[in-house]
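Observations on the model geometry
If you want the building blocks of each chain, they are given just below.
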Amino acid sequence: MRVGLTGGIGSGKSTVSTMLARKGAGIVDADEIARRIVEPGSPVLARLAEEFGEDIVLADGSLNRQLLADRAFADERSTRHLNEITHPAIREIAEAEISAAEAAYPIAVYEMPLLVETGQVSLVDIVVVVDAPEEVQVQRAVDRGLNEADVRRRMEQQASRADRSSAADHMIDNGTTLESTQAQVDALWSEWTS
Ligand code: ATP
């Protein structure tokens with residue numbers, strides 16, 4: 001079975017995916033794939049440099065992530081261009097890795113922040129949305145060292161809680177304690193594996 005795990009910034013996706021991994025799920029992490037496709041010398045990095053300026057590539061060939069983020073998240077059009085360059089590459093690798101995880105583990109979990117926004121729900125059988133009130137999301141992201149204005153801007157560009165919940169087969173409420181979240185994960189795992 002293939003489970004898509006999504007949620008807004010700071011909602012608790014990584015927290016839930018760690019809990020699922022401890023249960024025995026195989027995790028495919030879209031953020032990790034996104035970092036891999038922009039390694040020095042990669043075709044995606046070359047395409048990004050064409051679009052956002054050669055100076056986003058540092059002297060050692062690596063990506064200047066902050067500079068790319070500043071330019072790519074400056075307005076909706078730039079963000080769309082970033083996504084058009086990166087999302088097909090992420091999707092292709094994710095498809096292969098989900099298949100491999102499905103063969104090796106009882107359940108494959110695809111952790112993807114923009115699962116709903118990018119139409120990648122078709123890659124999975126079940127969609128699980130991790131949910132927390134917006135102010136809790138912002139507080140947690142800021143506590144982790146992110147800039148509050150950046151967090152709010154990202155949230156505006158992500159699906160609304162309502163859109164995400166309408167795509168969900170299961171919601172995990174991560175608005176309170178980790179114990180409560182763990183209990184919900186335990187219940188889901190039992191349901192899936194029984
Ligand atoms: P991002 O979109 O930024 O990658 P995420 O959705 O993966 O975030 P996490 O990294 O799991 O979210 O959680 C964000 C922060 O909130 C982390 O520092 C995490 O330890 C903390 N956190 C998550 N869930 C809870 C909870 N129920 N109670 C307290 N802190 C929590």
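The structure contained in this document is the topic of the report that follows.

1. Regarding the overall build of the chain
Each helix and strand counted, the chain has nine helices and five strands in total. Along the chain direction, N to C, the helices and strands of the chain fall in the order β-α-β-α-α-α-α-β-β-α-α-α-β-α. Relative to its length of 194 residues, the chain is compact, with a C-alpha radius of gyration of 17 Å against a globular reference of 16 Å. Summarising its shape, the C-alpha atoms of the chain cover approximately 50 × 40 × 30 Å along the three principal directions. When the 194 residues of the chain are sorted by exposure, 42% land in the buried category. The chain carries 19 positive and 33 negative side-chain charges, and their two centres are separated by 1 Å.

2. A few points about the site of the ligand
Close contacts around the ligand come from 14 residues, with Lys13, Ser14, Thr15, Arg144 and Asn174 the closest. The backbone of Gly12 places a nitrogen or oxygen atom 2.9 Å from an oxygen atom of the ligand. Measuring from a nitrogen atom of the ligand, one finds a backbone N or O atom of Thr176 at 3.0 Å. Look at the ligand: alone it shows 630 Å² of surface, and the protein chains cover 75% of it. If one sorts the elements of the shell around the ligand by residue count, helix α1 (residues 13–23) sits on top with three residues. Residues of the shell around the ligand, tallied by class, amount to two nonpolar, nine polar and three charged.

3. Description of helix α3 (residues 43–52)
Within the sequence span of α3, burial applies to Val44, Leu45, Leu48, Ala49 and Phe52. For α3, the angular spread of buried residues about the axis comes to 140°, placing them on one side. Of the exposed residues in α3, the ones pointing more than 90 degrees away from its buried face are Pro43 and Glu50. Buried-residue contacts for α3 involve α4 (65–72) and α5 (76–104). Positioned one or two residues after α3, Gly53 has a phi angle of 110°, which is positive.

4. A look at the sheet that holds strand β2 (residues 26–29)
The strand order across the open sheet formed by five strands is β2-β3-β1-β4-β5, and the pairing between neighbours is parallel. Unpaired on one side and paired on the other, β2 and β5 (170–173) mark the two borders of the sheet. For this sheet the average axis-to-axis angle between neighbouring strands, irrespective of direction, equals 25°. Note: strand β1 (residues 2–7) against strand β3 (residues 108–111), four bridges, orientation parallel. Within β3, the residue paired with Val3 across the bridge is Val109.

Rules behind the numbers
- Residues numbered from 1 in each chain as written.
- Predicted model: local features only at pLDDT ≥ 70, side-chain atom pairs only at ≥ 80, totals over all residues.
- Heavy atoms only, no water.
- Helix = DSSP H or I, 4+ residues; strand = E, 2+ residues; numbered from the N terminus.
- Rg over C-alpha atoms; globule rule 2.2 N^0.38 Å.
- Buried < 20%, exposed > 50% of the residue type's maximum accessible area, 1.4 Å probe, protein only.
- Lys, Arg positive; Asp, Glu negative; His and termini not counted.
- Charge placed at Lys NZ, Arg CZ, Asp CG, Glu CD.
- Near = heavy atom within 4 Å.
- Polar contact = N/O pair within 3.5 Å; in protein donor to acceptor, adjacent residues only side chain to side chain.
- Areas by Shrake-Rupley, 256 points an atom, 1.4 Å probe, with all protein chains shown as cover.
- Nonpolar A, V, L, I, M, F, W, Y, C, P; charged D, E, K, R; others polar.
- Arc of directions from axis to C-beta.
- Contact = heavy atoms within 4.5 Å.
- Pairing = 2+ DSSP bridges.
- Axes fitted to C-alpha atoms, helices over the stretch in contact; angles between N-to-C directions.

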